[in-house]
Each structure stands twice: as structure tokens, then as C-alpha cells.
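# A look at the structure
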Amino acid sequence: MDRIRIVGGARLNGTIPISGAKNAALPLMIASLLTDETLTLANLPRLADVAQLKRILGNHGVDMTVAGKRLGEAELSGETVHLTARTIVDTTAPYELVSAMRASFWVIGPLVAREGFAKVSLPGGCAIGTRPVDLFLEALQALGAEIDIEGGYVIARAPDGLKGAHVTFPKVSVGATHVTLMAATLAKGETIIENAAREPEVVDLAECLIKMGAKITGAGTSTIRIEGVTRLNGARHSVMPDRIEAGTYAMAVTMTGGDVLLEGARADDLKRPIEILREVGAEITETNEGLRVYRNGADLKPVNISTEPFPGFPTDLQAQLMALVTRAEGTSVIRETIFENRFMHVQELARFGAEIHLDGQNATVVGVPRLKGAPVMATDLRASVSLVIAGLVAEGETIVNRVYHLDRGFERLEDKLSRCGATIERISG
Ligand code: EPZ
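Everything numeric in this text was worked out from a predicted model, so none of it was measured.

### Considering the sheet that holds strand β20 (residues 355-359)
An order of β18-β19-β21-β20 is seen for the four strands of this open sheet, with the pairing classed as mixed. At either margin of the open sheet sits one strand with a lone partner, and together these are β18 (304-306) and β20. Within this sheet the neighbouring strands show an average axis-to-axis angle of 15°, counted without direction. Bridging between β18 and strand β19 (residues 331-335) involves three bridges; their strand directions are parallel. Residue pairing across strands places Ser-306 opposite Arg-335, the latter belonging to β19. Along the sheet face, helix α10 (residues 318-325) touches β18, β19, β20 and β21 (362-366) and points at about 170° away from the line of β19.

### Structural notes on the pairing of β20
Bridging between β20 and β21 involves five bridges; their strand directions are antiparallel. Its bridge partner lying in β21, Asp-359 is registered against Asn-362.

### Some thoughts on the sheet that holds strand β16 (residues 283-286)
Across the sheet, four strands lie side by side as β2-β15-β17-β16; this open sheet has mixed pairing. Looking along the sheet, the strands with just one partner apiece sit at the ends: β2 (12-17) and β16. Within this sheet the neighbouring strands show an average axis-to-axis angle of 10°, counted without direction. Two strands pair when backbone bridges link them, and β2 and strand β15 (residues 258-263) are joined in this way by six bridges, in the parallel orientation.

### Some points on the side chain of Thr-256
Inspection of the secondary structure assignment puts Thr-256 in helix α8 (residues 243-256). Note on Thr-256: relative accessible area 11%, which makes it buried. If we skip the residues at most four places from it in the chain, Thr-256 touches Ala-10, Arg-11, Leu-12, Arg-295, Leu-392 and Val-393.

### Focus on the pattern of salt bridges
What the rule picks out here adds up to 25 salt bridges. A salt bridge links Asp-2 to Arg-426; the shortest N-O distance between them is 3.1 Å. Placement of Asp-2 in the segment before β1 (3-7) and of Arg-426 in strand β24 (residues 423-427) is noted, with a sequence separation of 424 residues between them. In this structure Asp-2 comes out as partly exposed when scored by relative accessible area, which is 25%. The exposure class assigned to Arg-426 is partly exposed, which follows from its relative accessible area of 27%. With a shortest N-O distance of 2.8 Å, Glu-395 and Arg-370 are connected by a salt bridge. Residue Glu-395 is located in the loop between α12 (381-393) and β23 (397-401), and its partner Arg-370 is located in the loop between β21 and β22 (375-377); the two are separated by 25 residues in the primary sequence. Under the relative-accessibility criterion, Glu-395 is labelled partly exposed at 35%.

### A closer look at the packing of helix α6 (residues 174-184) against helix α7 (residues 200-211)
Between two packed helices, both the angle of their axes relative to each other and the distance between the axes serve to describe the pair. Two numbers describe how α6 lies on α7: the axes approach to 10 Å, and their chain directions differ by 15°. Put simply, α6 runs roughly parallel to α7. Considering only the axes of α6 and α7, their crossing is right-handed. Contact with α6, carried on its side by Thr-177, His-178, Leu-181 and Met-182, involves Glu-201, Val-202, Leu-205, Ala-206 and Leu-209 of α7 and no other residues of that element. Here the contact of α6 with α7 is composed, by residue class, of six nonpolar, two polar and one charged.

### Quick notes on the site of the ligand
Contacts to the ligand come from 24 residues, most closely from Asp-134, Ser-173, Gly-175, Asp-316 and Ile-338. In this structure, Arg-382 approaches the ligand through a side-chain N or O atom, which is 2.7 Å from an oxygen atom. Secondary-structure elements contributing two or more residues to the shell around the ligand are α1 (22-30), α5 (134-142), α6 and α12. Of the residues in the shell around the ligand, the class split is 13 nonpolar, four polar and seven charged.

Definitions and limits used
Residues numbered from 1 in each chain as written. Predicted model: local features only at pLDDT ≥ 70, side-chain atom pairs only at ≥ 80, totals over all residues. Heavy atoms only, no water. Pairing = 2+ DSSP bridges. Helix = DSSP H or I, 4+ residues; strand = E, 2+ residues; numbered from the N terminus. Axes fitted to C-alpha atoms, helices over the stretch in contact; angles between N-to-C directions. Contact = heavy atoms within 4.5 Å. Buried < 20%, exposed > 50% of the residue type's maximum accessible area, 1.4 Å probe, protein only. Salt bridge = Lys/Arg side-chain N within 4 Å of Asp/Glu carboxyl O. Parallel < 35°, antiparallel > 145°, perpendicular 65-115°, else oblique. Left-handed = near helix turned anticlockwise from the far one by under 90°. Nonpolar A, V, L, I, M, F, W, Y, C, P; charged D, E, K, R; others polar. Near = heavy atom within 4 Å. Polar contact = N/O pair within 3.5 Å; in protein donor to acceptor, adjacent residues only side chain to side chain.

In C-alpha cells form, the structure reads like this:
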């Protein structure tokens with residue numbers, strides 16, 4: 001199993017190109033099931049989750065071809081893929097595939113909307129929480145689907161097609177918003193989604209669906225309206241930049257000190273994290289190329305945050321921020337409100353000599369003057385990169401084990417960091 005070796009101490013200077021967003025790429029690829037024409041997605045990141053979803057979509061009958069690189073196209077840029085679901089050959093998403101990547105459960109929406117039937121394995125829980133799917137099922141039922149759960153599978157039937165409905169989510173769910181939005185595009189009549197997720201990835205999906213001929217208003221707000229159409233056409237769409245990747249590197253530069261341009265990052269997607277990083281002591285400026293993050297030697301200041309749905313502080317940056325404030329001059333309190341078990345990195349950060357006290361949803365981080373390198377274990381995608389951030393300033397050597405977690409969501413992380421001066425390498429096998 002691959003590991004990553006880091007020797008801490010270097011400041012980061014240079015440019016980091018931000019990849020396409022994993023959490024936009026996944027629903028966008030799934031949207032290809034809604035039409036028999038070709039959906040071309042550019043700036044698709046090369047990630048394990050994207051590769052896994054290609055396998056799942058292939059299983060349903062989606063043909064995929066990768067466009068060759070154009071002359072002069074940046075080495076670290078994403079790929080362009082043509083996805084064509086001319087015919088849905090199988091409306092079942094098997095346990096073996098779905099259990100490997102939770103978001104594949106989202107195929108249920110387009111399949112039942114287009115084919116009137118879908119049989120999709122329940123995704124089950126994961127390291128960060130129980131992750132139920134009740135909101136998805138209630139929304140599809142509201143759109144007229146008959147839902148049964150048998151043998152670990154959800155069976156959704158709508159032989160006469162879906163019908164527009166008024167869906168009000170009791171809590172914000174990104175996935176349930178994506179799925180309801182996609183299903184409603186082919187439903188008869190109007191659908192209104194209340195208390196919808198406002199994440200930029202929802203807006204990116206809506207923009208792509210509109211290019212495919214969907215009638216959608218209000219994406220990015222809590223109320224989305226969709227006027228169903230009988231069919232969708234093909235389109236070309238470029239995946240938005242990854243705000244979580246950009247936020248992660250901004251935390252890394254703030255931790256090590258230095259001056260880095262996050263090429264392609266968008267300030268509007270990161271308002272709250274930018275506010276917090278400025279409080280910690282970073283200087284962040286928006287440029288035509290992206291976001292410039294700069295910190296000289298000044299001390300890191302403590303902060304208190306609560307994770308919230310967008311536009312609040314994203315839970316997907318919680319672990320990275322925790323690593324950062326382990327070296328702050330003072331005490332920070334981090335409250336995790338989205339997932340019930342998203343503090344797996346705490347014990348691993350303690351191996352570096354960090355002082356963190358857990359109390360239910362709260363983590364109290366008492367800043368320490370120095371961290372010391374150690375062998376640590378990645379437990380989930382975002383927790384694993386928080387260990388990399390700690391390793392970048394820890395004295396001596398750090399070995400991060402189980403980096404397959406990282407590969408799920410960070411494209412060429414060690415390349416991008418070593419180009420900015422970090423001593424970091426992958427050790428294979
Ligand atoms: C998306 O997950 C992201 N995943 C997550 O990123 C991210 O942490 C999360 O949104 C919140 O921002 C992808 O986009 C692929 P939710 P999702 O439904 O859609 C509960 C990463 O690191 N809930 O918004 O699964 C749920 O348990 C990943 O890239 C129900 O109770 O998250 C959670 O507590 C991790 N019933 C809360 O809602 C439901 O039917 C928010 O989850 C659905 C969700």
C-alpha cells in the first residue's frame with residue numbers, strides 16, 4: 001500500500017493549479033444518464049472516485065471516451081470525457097460497486113426518471129457517519145415513485161413517469177438536492193425544492209442541466225424550481241474548480257508560511273474559509289488567475305468555528321483547519337454539526353504532539369509551539385490531508401499510511417506540494 005513521506009519545515013512558494021471539483025464531477029457524470037445524447041465534461045479530475053464512477057456508469061450502459069490532450073494543454077490539467085447513455089442496458093446498481101463509493105447511490109434519480117425503474121444498493125454507513133438516505137426516498141416518493149427496500153436494495157418504480165411535486169427537506173442535504181433536481185428535470189409539471197442545499201456544486205450541476213435543456217431557476221438559493229421536460233439533449237460543460245482542494249492548500253500555506261497562487265480558485269466559493277484564514281493570520285487576495293495566499297512568520301491566531309451547510313464553514317475543511325490551529329497561539333474550539341463521527345483525525349494529530357480535547361461535537365485545540373514528525377494513519381479523505389498539513393511543519397519525518405484515502409479526492413497532491421518547495425514523496429507498495 002502506498003505511503004507518503006514528508007520532512008517538515010519548508011515554506012511553500014509558487015503556483016498550485018486547482019483541479020476540477022470531485023463533488024461537482026460526480027453528480028455531473030451521473031447526469032449523463034438523463035439523455036441519450038453525448039454529455040462532454042471538461043476539467044474532470046483524475047481521482048479514484050471518478051474512476052470508480054466510470055465503472056458504475058459503464059455498468060448502466062454509458063459509453064465513455066476520453067479526448068486526447070490538446071497541444072500546450074497544462075500537464076496537471078483535468079481530462080475531457082464524452083459520456084453517452086444511448087440506451088440504459090441495466091437499471092440495477094449492485095452492492096459491490098455502490099458500497100465502494102457512496103455517491104453512486106445518486107444514480108437512482110436519473111434511472112427512475114428516465115426508465116421508470118431503478119434497483120440500487122443501499123450505500124451503508126462510512127467512517128464519518130451513518131449517512132442515511134431517508135431524504136432521497138421521501139423526495140422520490142413525493143415525485144410519485146413507489147419505493148420498496150428489499151435485500152439491502154432500494155427499488156424505485158414509476159412506470160408512468162415521475163410527476164412534479166413540492167419537496168421540503170427537514171434538513172439540508174447536498175446529495176438529496178442533487179438527486180431530486182436531476183429527477184425533477186424529466187418529471188411532468190413543476191417541482192419546488194424547499195430548504196435545498198446551496199452549495200456551489202449544486203449550482204454547477206444546475207448550469208449543466210440547463211445547457212442540456214432543463215428548466216431550472218433558483219439554484220444556489222434555498223428554493224429551486226424545476227419545470228419538467230420530456231427529454232434532455234447533449235451538451236458540453238466544464239467542471240467547476242475544487243473549492244475544498246483550494247481551501248486545503250490555503251490552510252497548508254498558512255501553516256508553513258510562504259506565498260502561493262491557487263490557480264483557478266474562486267473567492268466566492270470560499271468566503272467563510274477565507275474569513276477564518278484571515279483571522280488566523282493569512283493574507284488572501286483575489287487575482288485574475290485565482291487566489292493568492294501569503295503568510296510571513298507572524299504567529300498563528302486561534303479561532304472558533306462551527307461547520308454548517310454552504311455558505312457556512314464547510315465540514316470538508318474541518319480537519320484541515322484543526323491541523324492548522326494545533327500551532328496557534330492559544331485555544332480554538334471546533335464544532336462539527338454535519339457528521340456525527342468526523343473527528344477520526346484527532347488521535348492521529350495527537351501523535352505529532354498536538355493537544356486536542358474532545359467533548360461530543362466539540363474539539364478544543366490548545367495550541368502547542370511545535371509538532372514532531374511521526375508515523376500516522378489516514379482514516380478518511382479529509383482526515384488524511386490534515387495529517388499531511390501537520391507533517392509539512394512537524395520536525396523530522398512523517399509517514400502517512402493508507403494514502404488511498406487521499407487519492408479519492410486529491411489529484412497529484414505530492415506533485416503540487418513538492419513544486420512549491422515541500423519535501424514530500426510517495427513511497428509505493
Ligand atoms: C456531500 O455528501 C459531499 N459528498 C460530502 O463530501 C460533504 O461532506 C457533504 O455533502 C456536506 O457538505 C459529495 O458531494 C460526493 P449530505 P452528502 O446529504 O450529500 C444527513 C468529501 O469529503 N442526511 O449533505 O452525502 C447526513 O447523514 C465528502 O468529499 C440524512 O440524514 O451529504 C449528514 O448528517 C464527505 N438523510 C447531513 O444530512 C439523508 O437522506 C448532510 O449530508 C441524507 C443526508
